[in-house]
Protein chains: 2
Amino acid sequence: MTKKWVYLFHEGRADMRMLLGGKGANLAEMTNIGLPVPPGFTITTEVCREYQKTKQLDPEVIEQVNAALTALEQQTGKKFGDPRNPLLVSVRSGAPISMPGMMDTVLNLGLNDETVVAMAELTGNERFAWDSYRRFIQMFSNVVLGIELHNFEAILEAHKKRNGFTQDIELQAEHFKAIVPEYKAVVEKHTGKPFPMDPREQLMAAIRAVFESWDNPRAQVYRKINKISDDLGTAVNVQAMAFGNMGDDSATGVCFTRNPNSGAKEFYGEYLPNAQGEDVVAGIRTPYPIAHLKETMPEVYQQLFDLCELLESHYKDMQDIEFTVERGKLYMLQCRAGKRTPIASIKIAVDLVKEGKISKEQAVLRVDPEQINNILHPAIDPKAKLDILAKGLAASPGAATGMCVFDPDRAAKLAGEGHKVILVRPETSPDDIHGMVVAQGILTSRGGMTSHAAIVSRGMGKPCVVGCEAIKVDLEAREFRVNGRVVKEGEVISIDGATGNVIYGEVPVVDPELSPEFRTLLSWADEIRTMGVRANADTPIDAAKAREFGAEGIGLCRTEHMFGQGGHHPERMAVAREMILAETTEERMVALEKLQEMQRQDFYEIFKAMNPFPVTIRLLDPPLHEFLPDAEDLAIEVAIMRERGETGSELQEKEALLKKVRALAEMNPMLGFRGCRLGMIYPEIYEMQVRAIFEAAAQCNKEGMVVEPEIMHPLVSIVTEFSFLREMTDRIAREVMEKHGVTFKYMVGTMIEVPRAAVTADEIAEHAQFFSFGTNDLTQTTFGFSRDDAEGKFLAQYVEQKVLPENPFVTIDRKGVGKMVEIACELGRKVRPDIKLGVCGEHGGDPSSIEFFQSCGLTYVSCSPYRVPVARLAAAQAAARAKGERATSSTV
Amino acid sequence: MTKKWVYLFHEGRADMRMLLGGKGANLAEMTNIGLPVPPGFTITTEVCREYQKTKQLDPEVIEQVNAALTALEQQTGKKFGDPRNPLLVSVRSGAPISMPGMMDTVLNLGLNDETVVAMAELTGNERFAWDSYRRFIQMFSNVVLGIELHNFEAILEAHKKRNGFTQDIELQAEHFKAIVPEYKAVVEKHTGKPFPMDPREQLMAAIRAVFESWDNPRAQVYRKINKISDDLGTAVNVQAMAFGNMGDDSATGVCFTRNPNSGAKEFYGEYLPNAQGEDVVAGIRTPYPIAHLKETMPEVYQQLFDLCELLESHYKDMQDIEFTVERGKLYMLQCRAGKRTPIASIKIAVDLVKEGKISKEQAVLRVDPEQINNILHPAIDPKAKLDILAKGLAASPGAATGMCVFDPDRAAKLAGEGHKVILVRPETSPDDIHGMVVAQGILTSRGGMTSHAAIVSRGMGKPCVVGCEAIKVDLEAREFRVNGRVVKEGEVISIDGATGNVIYGEVPVVDPELSPEFRTLLSWADEIRTMGVRANADTPIDAAKAREFGAEGIGLCRTEHMFGQGGHHPERMAVAREMILAETTEERMVALEKLQEMQRQDFYEIFKAMNPFPVTIRLLDPPLHEFLPDAEDLAIEVAIMRERGETGSELQEKEALLKKVRALAEMNPMLGFRGCRLGMIYPEIYEMQVRAIFEAAAQCNKEGMVVEPEIMHPLVSIVTEFSFLREMTDRIAREVMEKHGVTFKYMVGTMIEVPRAAVTADEIAEHAQFFSFGTNDLTQTTFGFSRDDAEGKFLAQYVEQKVLPENPFVTIDRKGVGKMVEIACELGRKVRPDIKLGVCGEHGGDPSSIEFFQSCGLTYVSCSPYRVPVARLAAAQAAARAKGERATSSTV
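Residues numbered from 1 in each chain as written. Chains lettered and ligands numbered in written order. Predicted model: local features only at pLDDT ≥ 70, side-chain atom pairs only at ≥ 80, totals over all residues. Heavy atoms only, no water.

## Comments concerning the overall build of chain A
Here is step 1: The helix and strand inventory of chain A stands at 34 helices and 31 strands.
Here is step 2: With respect to the three principal axes, the spread of C-alpha positions in chain A is 105 × 65 × 50 Å.
Here is step 3: Split into buried and exposed, the 892 residues of chain A put 59% on the buried side.
Here is step 4: Expressed as a percentage of contacts within chain A between residues at least 6 apart in sequence, the contacts between residues at least 24 apart total 68%.
Here is step 5: A total accessible area of about 35,400 Å² is found for chain A, and carbon and sulfur atoms account for 51% of it.
Here is step 6: The averaged location of the 126 negative side-chain charges in chain A is 2 Å from the averaged location of its 102 positive side-chain charges. (Helix = DSSP H or I, 4+ residues; strand = E, 2+ residues; numbered from the N terminus. Buried < 20%, exposed > 50% of the residue type's maximum accessible area, 1.4 Å probe, protein only. Contact = heavy atoms within 4.5 Å. Areas by Shrake-Rupley, 256 points an atom, 1.4 Å probe, with all protein chains shown as cover. Lys, Arg positive; Asp, Glu negative; His and termini not counted. Charge placed at Lys NZ, Arg CZ, Asp CG, Glu CD.)

Written out as structure tokens, the structure is:
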């Protein structure tokens, strides 16, 4: 038995999208519902996949196409090439996932020197017939034969000029009759062969061209951007033409069953009378709003309106519909779930639930979590006129305006004086944090979506544009150059973190609307999801933000800044250095006591802000040299002072400091003396932190708050590290409780962030009450990738060349890093079935990763406060999918 | 039923060593063979383990001790505390693994004011009885009551002085009678109680004291050094005393059934007449050689000789025997496998096979692979008098003499002039390699057993002493200071890499003897082992060495030096820089072509040297910045030139170079742009290397050699990396074969050195023909330890504090890193059952790790040439143990 390669429309169904493509499946469905669809057939995506291998159409496929054509001729009563009643068809691509405008289309196929005459007679419209013919030659020659359009446009322009016309509409039948031979001459000149007159030859060539277009460069790029597999292939739809350009009783248009911008339940769309679809797209004539059709063709309007209602009810989603009116008769050419803005997406989903059309689960599954990320931030007024300087990567959403500043110290100074600033750097480093904190937004000329600037900005919820390579930053001159313009420090620019635009001057901004529908949708998400959502927050301010966005606790409270890292507390940096440079334990203790009191206060404030939610505190993690000046800078200073012949105490101090800095310097700090290794070698540092936490907890307890600190020891790789630290933690808890005469609950757990911790998780779980996966570091160690180095040097190219499907620092690598997570979960639960399992790497806010964590059975995910709504929605989707729910409609 | 806590000697057996300790098991065995052993009983190690928990003797234990005592009284016909015929006993420790001198012993227990009189009467030797009594008080008080010895020595000295004596032997019975009350007074003063007169009280206290001594500091240290578990515990042996000090017909001594230094089959030992064992140990009197006994007590000598023969035949190993002659009657007090030198160890094992006493497997199992490492290198003549300056860590065995030189350039210069040099540095780095290559040996004041200096030296088989902290190196002054002495450049020193000694001046050296027995033993090892042994060798010279030591191929040929790394080829470094700094692919190709011809020649020479053995070649692995100058040095140079107001082209060039160096600089080079990532981003580099390899192979092939290069792509973490590189490799192989019209075999495989490669090994094995475990890097990534940083900053302390049982860079961490190896082996074999599996990390030469690799079923191990004999032996032991063989005798 031979395979079925070709389906007549009535042979297909909506759920055959993978085989027939989205368009083909919908045409089939519409046909079967009984809508007025011009008849036709679909050549399957399987044929495309075969074609990509052989670059040929199988004889069997050709045979089936011919049979379908015969059926089509019977349905329409017309015949291909019939000089009396010719059949004309459109040939369109249609992939399983919509790729609008990316692949090729041929309309009016079947016209030739004979059928054009027949068409003129049949329609009584000679101009229409000859215009259609010359359009067909032009389109076919371009799409199928690869002849550039300007060859034809030049001829058209010459005719218009010769006749003194300015618009195409002024050309008449006689002009087109004169144009056609000239067009055909172009074809013969370019191909060495005359334009094909045989409609079947035209058809087969057009089909092949559509299959070829699957691999054209713009389609490849589109698929890469939209993460669509190259293996899907496209179907080809061959459909009898309906003509919207047969006179004033004809029209063509597009409509939506709801407003795709606002989501409002209203009939929305536009159309052009006496036109073909491409005229609407070309934008030469301004279309009428759909309401206008009610006035000119009230019956057609009513029929269209009713059919649209029917379609929405059928598909249970807002539909995007293409229609044509041919001499008063309505044809539905296409329908699909309509693309929509994030706001509309939410409103439509919520309204459909309220209208009883879909379930809450469906509503939650209909909204793309990544998309809603953008509406959680202020945005540039879409109506504003912008002086766009350049475009970079949209690294962190939101709009920001301020004066350009090129170094973090200046930024801090100017912001201190009340100025709004945009920090502009080639790229950022931890040394720039104090400048980033005070800036309205960050702009860098280098770096990718996961560069330091991008990550930190997203964490801060601050707008950021990175990798804007058109901008040449000159730090010394305090200016940047872009396309011949110079922008100096103090000049005002704006950045749009949602689009990547860099704009000269101030821009009007609109505030984010947390619409009632959005709140409703998130509340449904909270009902559906099974994983908790916490936030990564280091300060009471972050904690408050996290609660506002619906976080149910803090999953990662880093304590680095409590030692002065990040420039928030310069006075603490001094004490931290005192501690690090101490020569004796006694000296170190003096500094630690000062830090203890400061940190106790910090923890107290955070507990208060999160009361009664849990707070997971990670003890000091970075290597100590991060708190000291840079070795190279210091070495240069010393070298220059020596060169100048200086000998004073300043030189000696600097030399002594340099010696210490060198002693603490590391070849690979990421794998060095950090995390719990600090706590093992200098137990007094961790003891100080643990005491500060418990002292704060005791205070909260006395004040009647509910507090249950979760103390997290980072970078554990050996069970003995953890058992030592667990004992220490328990001992100090006892001491503090006894001292204050109170009792409070607490937990002691560890990060799982190196592979050894994952594969020995059973041993560790004997002592640890919870695991939190630090998937950033786990990705680094599992791959052997240093994030700082990989992203600039080879990772972008790896993703580009598909060595890796995605950046594993953005979306978790399931096969490798994910395997480690799975192993650790399994081993951990084996010895401690109720072990609490969370994730606090950046993956905690990434929807695809969240789906993976759901499959691992994690207790919660934790992410930056601004991504909490995204995570709530993504977690609900993951839970719904885990129960077998699938989105019943999709715009992607 | 109650547990058996106490065993009479005749109730035990030799194989009950874990329960009865080594000494107890041997006493039991000797008793059962029918040797004249003074009767006694053993309290088990289980009691010790209980005691460590409760610090008490269980009443049941006390009951069983009393019962055993009654049996002992019946056997000897003597009674504890009997004023007519008193029983005296010794109380000795005896752990399952010998810890000589580490724990406590009490002799003559049972003496008191009454029994001393009985002893005097029974022996007719009053002096002996009272001397024994005062010795007992002294020993008991020290060991059991914790009173320091000097309290008693002072009394003894006072009596000698008063009588004008200089030696103890001059003291007579009356003197000891006077001394005893004074001794007892000391006890009463220190403990507030009189010296215990009840022998049973004495016994229980002594038993407790022995158990206590299991945890004394020196025993703890001994166990740590010898890697003996703290959980074993010691047994206690209570044995009727035999007195070697009952007059001239008494004696005590130690003998060996073969010479423990040379291994020669000769009766060897020494004894003291009229003495107790402690007198031999104390070294005050010079003992007689055992042959002398033949003259003084011919019958006893003959009995002893016969019994020793019997014991050796029984135990099938050289025995170390303690004996006592009490008034003409021979008692055997102890026997155990004798400690021996490495040379003796080998000779005895081989001789025992030849004598038909043990199998080849047993012989192989009897020799400690680590021990033989030392005899593969020249050693300092043990008879030489040495002026020892200091002692560091013995990092790489062998002796070396030469003039001190403090920088590698000077070392290269002086060596070029024909001087022998010792390179002395605070620590070494890759920049020092050219100095290390020319040096006779390396001495560093910092760093541990796995520091750069240690690793590189071991790799070169060059003597090395590291971490010699007593030495203060002053690089500027070109000298070092040690204990007030100054040693300047040019002065001659020697280092002993087997002991860690640093010696002033030249020392006489003896060459290593690869004795015929050693060769025989290794040939047996080769018969027994199932894993191959290859060497890590980068040059034809290394390859030749590797063959000499029995390597069956090269498991790792690094190609870094072929780009000039390590200072061997400065001219290549220039070309490599040309390649790295190239602005265009064309420029890069010019440099690569030069390198290709150089490398082709290198590979040709290596193939020739190893013909017909296989050679595994690892393509370029280190990050490119390792071939460029240090950024900080360069930055300082530039800063100083600017400070001086220079503006010339030299400054500009340096600035340009600095910019490139900075662009290539990395935060964590270990996890950065290196390994196959270089080959992915700059395919032309790997293509050049692959072409050079195949061109060399083609040449060998034409010359009739057998060559099968194994091309190894390093640092693969993603299957797509490998599949890309595999295709490239196959393509170039085809091209080269076609070009030369030849065919040769080759293999393409990968290193497994990051966890992701291990957990996705099934995917990788679909393309890879072999895996080679790079366990150095795999240890770094699995733990998240940077070796460079960890060893100096926390790893030593981790091992010290038992956070880790051993340094995982020396002995593979089975639970974590080993798990990765197991996972990869399993996944790899699943898809490619015949996959070749090797290891080329340093663990390939470590006996414990080799045993693990045997259990994983690896095809071969690869290690530095000098460790090949160690690996051959260790692999044979692993294979024998895998078949269930256990060493039937052990000196450890």
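## Overview of the domain arrangement of chain A
Here is step 1: For chain A, the domain assignment lists domain 1 (6-242), domain 2 (243-367), domain 3 (379-510), domain 4 (532-623 + 670-885) and domain 5 (627-665).
Here is step 2: Relative placement of domain 2 of chain A and domain 3 of chain A: their C-alpha centres are 40 Å apart. (Domains from an automatic or database assignment.)

## Comments concerning the packing of helix 19 (residues 516-528) of chain A against helix 34 (residues 868-882) of chain A
All names here are of chain A.
Here is step 1: The geometry of helix 19 relative to helix 34 is characterised by a closest axis approach of 8 Å and an angle of 45° between their N-to-C directions. Of the possible angle classes, the one that applies to helix 19 and helix 34 is oblique. In the crossing of helix 19 with helix 34, the sense of the turn from one axis to the other is left-handed. Between helix 19, through Phe518, Leu521, Leu522, Ala525, Asp526 and Ile528, and helix 34, the contact on the second element is made entirely by Pro869, Arg872, Leu873, Ala876, Ala879 and Ala880.
Here is step 2: When its residues are assigned to classes, the contact of helix 19 with helix 34 shows 10 nonpolar, no polar and 2 charged. (Axes fitted to C-alpha atoms, helices over the stretch in contact; angles between N-to-C directions. Parallel < 35°, antiparallel > 145°, perpendicular 65-115°, else oblique. Left-handed = near helix turned anticlockwise from the far one by under 90°. Nonpolar A, V, L, I, M, F, W, Y, C, P; charged D, E, K, R; others polar.)

## Structural notes on the interface of chain B and chain A
Here is step 1: The interface of chain B with chain A comprises 55 residues on the first partner and 55 residues on the second.
Here is step 2: Where chain B touches chain A, the interface holds 8 salt bridges.
Here is step 3: In this structure, B:Glu632 and A:Arg662 form a salt bridge, with 2.8 Å as the shortest nitrogen-oxygen distance.
Here is step 4: The interface formed by chain B and chain A contains 32 residue pairs in polar contact (both at pLDDT 80 or more).
Here is step 5: Residue assignment for the side of chain B that touches chain A shows that the elements contributing at least two residues are helix 23 (631-643), helix 24 (649-664), helix 25 (676-681), helix 27 (719-740), helix 28 (755-759), helix 30 (775-783), helix 31 (787-800) and helix 32 (814-831) of chain B.
Here is step 6: Broken down by element, the residue count for the side of chain B that touches chain A peaks at 7 residues, all from helix 23 of chain B.
Here is step 7: Looking at the side of chain B that touches chain A residue by residue, the classes come out as 27 nonpolar, 12 polar and 16 charged. (Salt bridge = Lys/Arg side-chain N within 4 Å of Asp/Glu carboxyl O. Polar contact = N/O pair within 3.5 Å; in protein donor to acceptor, adjacent residues only side chain to side chain.)

## Some remarks on the sheet that holds strand 28 (residues 747-752) of chain B
Residues and elements named next belong to chain B.
Here is step 1: Ordered in space as 24-25-26-27-28-29-30-31, the 8 strands form a closed barrel in which the pairing is parallel. Strand-to-strand twist across the sheet, computed as the mean angle between neighbouring axes with direction ignored, equals 25°.
Here is step 2: Where strand 24 (residues 532-536) and strand 25 (residues 554-558) come together, 2 bridges link them in parallel fashion. If you follow Ala535 over to strand 25, its bridge partner there is Ile554. (Pairing = 2+ DSSP bridges.)

## Concerning the UniProt feature "binding site: Mg(2+)" (unreviewed entry) in chain A
Residues and elements named next belong to chain A.
Here is step 1: The feature "binding site: Mg(2+)" (unreviewed entry), as given by UniProt, occupies Glu753 and Asp777 in the numbering adopted here. Separation in sequence by 25 residues is not matched in space for these annotated residues, since their most distant C-alpha atoms are only 5.4 Å apart.
Here is step 2: Inspection of the secondary structure assignment puts Glu753 in the loop between strand 28 (747-752) and helix 28 (755-759).
Here is step 3: According to the relative accessible area criterion, Glu753 is buried, its value standing at 2%.
Here is step 4: Once residues within four sequence positions are removed from consideration, Glu753 is found in contact with Arg674, Pro714, Leu715, Gly774, Asp777, Leu778 and Thr781.
Here is step 5: At 2.6 Å, the side chain of Glu753 forms a polar contact with the backbone nitrogen of Leu715.
Here is step 6: Along the chain, Asp777 turns up in helix 30 (residues 775-783).
Here is step 7: Setting aside anything within four residues of it in sequence, one finds Asp777 in contact with Met670, Arg674, Leu715 and Glu753. (UniProt positions renumbered as here; feature names shortened; annotations may be inferred.)

## Overview of the side chain of A:Arg529
All names here are of chain A.
Here is step 1: Structurally, the position occupied by Arg529 is in the loop between helix 19 and strand 24 (532-536).
Here is step 2: We classify Arg529 as buried; its relative accessible area is 8%.
Here is step 3: Among the polar contacts listed, one links the side chain of Arg529 to the backbone oxygen of Met531, at a separation of 2.9 Å.
Here is step 4: In contact with Arg529, not counting residues within four places along its chain, are Glu552, Arg872, Ala875, Ala876 and Ala879.

## Side note on helix 22 (residues 585-610) of chain A
Residue and element names in this part refer to chain A.
Here is step 1: Taking 1.5 Å per residue as the helical rise, helix 22 with its 26 residues ought to reach 38 Å, and the 35 Å between its terminal C-alpha atoms agrees with that figure.
Here is step 2: For helix 22, the set of buried residues is Arg588, Ala591, Leu592, Leu595, Gln599, Arg600, Asp602, Phe603, Tyr604, Ile606, Phe607 and Met610.
Here is step 3: Of the surrounding elements, those touching the buried residues of helix 22 are helix 20 (540-548), strand 25 (554-558), helix 21 (570-581), strand 26 (615-618), helix 26 (683-702) and strand 27 (709-713). (Expected span 1.5 Å × (residues − 1).)

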